Amino acid sequence: MTAPVTGDDMELDAEHRELRETVERFARTEVAPVIGDYYEREAFPYDLVAAMGAMGLFGLPFPEEHGGMGGDYLALCLAIEELARVDSSLAITLEAGVGLGAMPIYRFGTDAQRQQWLPRMCSGEMLGAFGLTEPGGGSDAGATRTTARRDGDDWVIDGSKAFITNSGTDITGVITVTAVTGRSGDRPEISAIMVPSGTPGLAVAPPYSKVGWLASDTHELSFAGVRVPAGNLLGEKGRGYAQFLQILDEGRIAIAALAVGLAQGCVDECLRYAADRHAFGRPIGSYQALQFKIADMEVRTHVARLAWRHAARLLARGVPFKRQASIAKLVASDAAMANARDATQIFGGAGFVNDTPVARFYRDAKILEIGEGTSEIQRILIARDLGLPGGE
Amino acid sequence: MSGAPIGRWGPLSGTIAPMNVVVCVKQIPDPAAPAALDAQSHTLVREGKLILDDSDAYGVEMGLQLAAEDGEVTLVSMAPNGEVSGLRTGLAMGAAKAILVSDGALKGSDALSTAKVLAKAIERAQPDLVIAATESTDGYTGTTPVQIAELLGMPSVTFAKKISVANGSVRVERQTEAGYDEVECPLPCVVTVTAGVVEPRYPSFKGIMAAKSKPVDQLTVADLGLDASSVGWAGAGQEITGVAAAEERGAGELVVDEGDAHERIVAFLEQLKLV
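Residues numbered from 1 in each chain as written. Chains lettered and ligands numbered in written order. Predicted model: local features only at pLDDT ≥ 70, side-chain atom pairs only at ≥ 80, totals over all residues. Heavy atoms only, no water.

### Notes on the overall build of chain B
Broken down by element type, chain B carries 7 helices and 11 strands. Its C-alpha atoms give chain B a radius of gyration of 21 Å, near enough to 19 Å, the size a compact globule of 275 residues would have. Projected onto its principal axes, the C-alpha coordinates of chain B cover approximately 65 × 50 × 45 Å. Counting across all 275 residues of chain B, residues that qualify as buried make up 44%. A fraction of 73% describes how many contacts in chain B between residues 6 or more apart in sequence connect residues 24 or more apart. Summed over all atoms, the accessible surface of chain B reaches about 14200 Å², with 52% contributed by carbon and sulfur. (Helix = DSSP H or I, 4+ residues; strand = E, 2+ residues; numbered from the N terminus. Rg over C-alpha atoms; globule rule 2.2 N^0.38 Å. Buried < 20%, exposed > 50% of the residue type's maximum accessible area, 1.4 Å probe, protein only. Contact = heavy atoms within 4.5 Å. Areas by Shrake-Rupley, 256 points an atom, 1.4 Å probe, with all protein chains shown as cover.)

Rendered as structure tokens:
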């Protein structure tokens with residue numbers, strides 16, 4: 001069952017390969033046997049998150065001085081891919097915890113803010129969340145309506161946020177929100193402000209009833225006169241949106257890795273099933289109709305994996321990677337969706353029953369074409385990066 | 001058991017001396033990958049990548065916990081080739097260093113010659129405690145650790161489900177069919193651990209990175225002062241003359257309740273010595 005990925009391992013150095021194998025083993029041994037139950041109950045898997053914390057997964061891309069593992073973004077994405085190969089809920093919990101919770105604090109925070117929050121986030125004891133999207137609009141992130149006004153030494157925040165991952169767990173420590181803090185010309189000036197969990201006026205709505213990612217934590221949040229100290233401003237005042245766009249670019253690589261994990265999980269499951277399941281006296285994998293499907297699934301997975309790893313290499317080199325990140329996200333989410341559909345078809349009736357992994361993959365795949373920039377947004381970004389005129 | 005003791009160190013005099021723990025580990029072909037037997041020797045084909053035997057991860061973890069405050073863990077292993085990836089896993093978990101006896105002459109070694117080689121290598125590390133798995137996942141002889149103990153002139157305690165060290169001796173809860181025995185044994189000694197002894201950690205990336213620079217001392221049979229004819233095919237006192245496929249599982253027995261089902265199930269379990 002491990003054969004498909006090993007070919008793509010050749011380009012990794014020994015340490016990244018070993019990390020990938022370690023997370024693969026963790027996912028297969030610790031996650032696979034129990035995650036279906038969490039998913040059915042729509043319960044957040046605290047013990048698995050703690051185990052991931054103990055392995056240092058939440059600290060992967062951060063320096064040791066902040067409690068991190070001294071790794072890089074490639075390491076994080078490898079871990080996300082291997083988790084998603086078994087379960088997307090845990091993978092998105094890690095992706096959002098690191099990429100959206102801790103990364104903005106690491107990138108834009110002051111030394112004091114980093115010291116206050118990062119060590120516990122890196123150890124997985126605490127999750128951070130990022131509130132950008134609002135009930136009124138997803139892709140039009142600049143149309144933020146949440147406001148923050150200065151009152152003495154405080155910020156006072158009013159508004160609401162939608163679809164915020166990791167925002168309502170028992171271990172959520174802080175939610176960074178974007179809010180309008182003024183105007184510059186005719187454009188709203190957006191800043192990022194950290195709101196500790198439990199701050200009076202912050203209301204976490206009951207969890208959404210989602211199609212997929214059922215073992216991950218997602219809420220709508222409302223802010224009614226939420227008061228936090230002025231020092232909770234994260235990064236530069238008025239740069240909140242621009243800062244977040246940077247985070248979003250690299251986040252696309254992580255979501256692409258997650259999508260590749262799901263696509264690979266479909267291949268893994270189908271290889272096993274095609275060998276075990278017999279029809280008309282032969283294993284179903286001996287029929288060309290299935291072989292073609294599985295070969296196509298492998299092609300999509302491999303190509304998408306090369307795409308995200310290429311984007312991750314550009315990121316590590318410090319050269320522009322925006323277009324490649326969008327391509328990776330687009331290709332990988334297409335691969336995840338197509339593989340989930342084919343895998344479910346190969347499983348037949350069994351794939352329509354919720355306790356098979358492919359049914360979970362089917363339900364988890366769709367959001368990948370939506371979150372972290374829809375497929376349409378990725379195409380716009382690619383077109384713009386190619387120099388095509390804007391105008392819509 | 002043959003062979004005179006080849007080393008002995010007195011029990012620790014102080015109570016807070018650093019613990020020097022040796023953990024015997026085996027690198028085996030990945031059990032998740034299809035296995036193959038060599039057609040001539042009937043032994044497991046060990047080409048390609050080897051991984052740390054899962055059953056050794058418990059010993060490594062136990063060693064790390066016992067040496068956590070003041071001490072260190074040395075891994076000792078033997079392989080016909082220079083494979084170190086399984087050792088890297090143990091080093092990434094936190095072991096300080098490794099000794100790998102790697103020599104073409106070791107190919108075909110039986111349990112006793114393996115014990116001779118490992119004992120010689122362990123001797124170099126001067127351990128207070130030697131930990132090994134109860135048995136390996138690929139070979140399953142389960143005899144190597146006690147042979148090592150005999151060769152080192154150390155007492156051995158097997159099937160440990162719990163280990164603690166104090167005042168120069170080790171206290172072991174030794175798993176038995178009925179429950180467990182409490183055994184106390186002076187250090188240095190050899191203890192074999194079961195899978196229940198501790199929950200092994202997964203290496204962190206920091207551990208994986210750190211393992212890169214940890215020393216792996218690669219030794220040959222000659223480095224250990226052993227004669228090549230005493231190990232490998234040449235030294236093996238056993239030969240695998242044939243292998244046969246395991247019997248296919250038969251159909252289960254269906255117990256239909258006619259008022260006495262519980263008695264028949266209990267009788268069945270008693271026959272298997274499960275109750």
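Next, the rest of the story.
### Examining the packing of aromatic side chains
Under the definition given, this model contains 6 aromatic pairs over all chains. On the basis of an interplanar angle of 90° and a centroid distance of 5.3 Å, the ring pair of F26 of chain A and Y202 of chain B is categorised as edge-to-face. Taken together, the residues F26 of chain A in helix α2 (residues 14–41) and Y202 of chain B in the loop between β10 (189–193) and α5 (205–211) connect one chain to another. An angle of 15° between the planes, with centres 4.0 Å apart, marks the rings of Y273 of chain A and F347 of chain A as stacked. Of this pair, Y273 of chain A sits in helix α7 (residues 240–276) while F347 of chain A is found in helix α9 (residues 322–347), placing the two residues 74 residues apart along the sequence. (Phe/Tyr/Trp six-rings, centres within 6.5 Å; stacked < 30°, edge-to-face > 60°.)

### Here we look at empty space enclosed by the protein
All names here are of chain A. Applying the stated criterion across every chain, the model contains 1 cavity of 30 Å³ or more. By volume, the largest cavity is sized at about 40 Å³. Lining the largest cavity, in full, are P104, F108, F130, A192, L234, G240, Q243, F244 and I247. Of all the secondary structure elements, the ones that give two or more residues to the lining of the largest cavity are α5 (88–108) and α7. Looking at the lining of the largest cavity element by element, the count peaks at 4 residues for α7. Residue composition of the lining of the largest cavity, grouped by class: 7 nonpolar, 2 polar and no charged. Residues lining the lining of the largest cavity come from more than one domain, with at least three contributed by each of domain 2 (128–239) and domain 3 (242–385). (1 Å grid on protein atoms, 1.4 Å probe; cavity = no way out; pocket = protein on both sides within 12 Å on 5 of 7 lines; lining within 4 Å. Points joined across faces, edges and corners; volume = space filled by probe spheres on them. Nonpolar A, V, L, I, M, F, W, Y, C, P; charged D, E, K, R; others polar. Domains from an automatic or database assignment.)

### Thoughts on the pairing of β10 of chain B
Residue and element names in this part refer to chain B. With 5 of 5 residues buried, β10 is to be regarded as a mostly interior element. Where strand β6 (residues 129–133) and β10 come together, 5 bridges link them in parallel fashion. Bridging from a neighbouring strand, A132 pairs with T192 of β10. By the bridge criterion, 3 bridges tie strand β7 (residues 156–166) to β10 in an arrangement that is parallel. Each residue of the ladder has a partner; that of A160, found in β10, is V193. (Pairing = 2+ DSSP bridges.)

### Here we look at the interface of chain A and chain B
The interface of chain A with chain B comprises 18 residues on the first partner and 14 residues on the second. Looking at the side of chain A facing chain B, the largest losses of area belong to E15, E18 and M69 of chain A, adding up to 37% of the total buried there. Here chain A is connected to chain B by 0 salt bridges. The interface formed by chain A and chain B holds 1 residue pair in polar contact (both at pLDDT 80 or more) in total. Sorting elements by how many residues they give to the side of chain A that touches chain B places α2 of chain A first, with 11 residues. (Buried area = accessible area lost by both parts, 1.4 Å probe. Salt bridge = Lys/Arg side-chain N within 4 Å of Asp/Glu carboxyl O. Polar contact = N/O pair within 3.5 Å; in protein donor to acceptor, adjacent residues only side chain to side chain.)

### Digging into the pattern of salt bridges
Using the criterion set out here, one finds 29 salt bridges over all chains in the structure. For the salt bridge of R252 of chain A with D249 of chain A, the shortest nitrogen-to-oxygen distance reads 3.1 Å. With R252 of chain A and D249 of chain A both in helix α7 and 3 residues apart, this pair spans about one turn of that helix. In this structure, the salt-bridge partner of K97 of chain B is E72 of chain B, at a minimum N-O distance of 2.6 Å. On the criterion of sequence distance, the pair formed by K97 of chain B in strand β5 (residues 97–102) and E72 of chain B in strand β4 (residues 71–79) is long-range, its members being 25 residues apart. Residue K97 of chain B is classed as partly exposed on the basis of its relative accessible area of 30%. Where salt bridges share partners, they join D9, R20, E24, R28, E82, R85 and D268 of chain A into one cluster.

### Examining helix α4 (residues 144–152) of chain B
Residues and elements named next belong to chain B. Among the 9 residues that make up α4, 7 are buried, leaving the element largely enclosed by the rest of the structure. Along α4, the residues that are buried comprise T144, P145, Q147, I148, A149, L151 and L152. Two residues or fewer after α4 comes G153, characterised by a positive phi angle close to 70°.

### Concerning a nonpolar patch on the surface
Residues and elements named next belong to chain B. Nonpolar side chains collect at one region of the surface, where V266, F268, L272, L274 and V275 lie side by side and expose about 490 Å² of accessible area between them. In this structure, V275 sits in the segment after α7 (261–271). The class for V275 is exposed, based on a relative accessible area of 63%. (Patch = residues over 30% accessible without salt bridge, like charges linked within 9 Å, V, L, I, M, F, W, Y side chains within 5 Å.)

### Some words on the domain arrangement of chain A
All names here are of chain A. The assigned domain composition of chain A is domain 1 (3–127), domain 2 (128–239) and domain 3 (242–385). Distance from the C-alpha centre of domain 1 to the C-alpha centre of domain 2: 24 Å. Of the roughly 2100 Å² buried where domain 1 meets domain 2, counting both sides, 65% is carbon and sulfur surface. If you look at where domain 1 meets domain 2, you find 0 salt bridges. Counting the contacts that link domain 1 with domain 2 gives 9 residue pairs in polar contact (both at pLDDT 80 or more). Mapped by element, the contributors of at least two residues to the side of domain 1 that touches domain 2 are α2, α3 (46–54), α5 and α6 (111–122). For the side of domain 1 that touches domain 2, the leading source of residues is α5, giving 11 residues. Here the side of domain 1 that touches domain 2 is composed, by residue class, of 18 nonpolar, 8 polar and 2 charged.

### Focus on the sheet that holds strand β1 (residues 19–24) of chain B
Hydrogen bonding along the main chain pairs the strands of a sheet, whether they run parallel or antiparallel. Residues and elements named next belong to chain B. Taken in spatial order, the 9 strands make up an open sheet running β9-β8-β7-β10-β6-β1-β4-β5-β11, and their pairing is mixed. Because the sheet does not close on itself, it has two edges, and the strands there are β9 (180–186) and β11 (216–219). Across the sheet, the mean angle from the axis of one strand to that of its neighbour is 30°, orientation sign disregarded. One ladder, built from 6 bridges, connects β4 with β5; its direction is parallel. Across the sheet, residue A79 finds its bridge partner in β5, namely S102. (Axes fitted to C-alpha atoms, helices over the stretch in contact; angles between N-to-C directions.)

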